[in-house]
Amino acid sequence: MKKKTDASYLKALEKRLLEAEKENKFLRLKAEAYEIVIQIAEEEFKIPILKKPGAQQPKN
């Protein structure tokens, strides 16, 4: 009986892994799309949108 449980558990883990990999791929594509949109907007409007490394936040 234990083998049956182990096999179903393994199958469930494989399904979760496949779903996680699918979601990871989608999120990577989404992040890449945002980067491209921001890059195009910066070039078109000639204004910096992304925070540059080491930049200080203005104090209000």
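Preceding block: the structure.
Since the structure is predicted, the reported quantities are computational estimates derived from the model, not experimental observations. (Residues numbered from 1 in each chain as written. Predicted model: local features only at pLDDT ≥ 70, side-chain atom pairs only at ≥ 80, totals over all residues. Heavy atoms only, no water.)

*Asks:* Just checking my understanding: could you explain the overall build of the protein for this structure?
*Replies:* The secondary structure content of the protein amounts to 1 helix and 0 strands. Relative to its 60 residues, the protein shows a buried fraction of 3%. Roughly 6500 Å² of accessible area belongs to the protein as shown, and the carbon and sulfur atoms make up 61% of that amount. (Helix = DSSP H or I, 4+ residues; strand = E, 2+ residues; numbered from the N terminus. Buried < 20%, exposed > 50% of the residue type's maximum accessible area, 1.4 Å probe, protein only. Areas by Shrake-Rupley, 256 points an atom, 1.4 Å probe, with all protein chains shown as cover.)

*Asks:* Looking at this model, I keep getting lost on the side chain of Glu42. Mind explaining?
*Replies:* As for its position among the elements, Glu42 is in helix α1 (residues 2–45). A polar atom in the side chain of Glu42 sits 2.8 Å from the backbone nitrogen of Ile49. With near-sequence residues (within four places) excluded, Glu42 lies in contact with Ile47, Pro48, Ile49, Leu50 and Lys52. (Polar contact = N/O pair within 3.5 Å; in protein donor to acceptor, adjacent residues only side chain to side chain. Contact = heavy atoms within 4.5 Å.)

*Asks:* Where do I start with a nonpolar patch on the surface in this structure?
*Replies:* There is a patch of nonpolar side chains on the surface, built from Phe45, Ile47 and Ile49 and spanning about 320 Å² of accessible area. Tracing the backbone shows Phe45 in helix α1. (Patch = residues over 30% accessible without salt bridge, like charges linked within 9 Å, V, L, I, M, F, W, Y side chains within 5 Å. Salt bridge = Lys/Arg side-chain N within 4 Å of Asp/Glu carboxyl O.)

*Asks:* How should unusual backbone geometry be read in this particular structure?
*Replies:* A negative phi holds for most residues other than glycine; trans holds for most peptide bonds. For Lys46, which is not glycine, the phi torsion reads 55 degrees and is therefore positive. One can find Lys46 in the segment after α1. Judged by relative accessible area, Lys46 falls into the exposed class, the value being 68%.

Interpretation in functional terms is not warranted from these geometric data alone.
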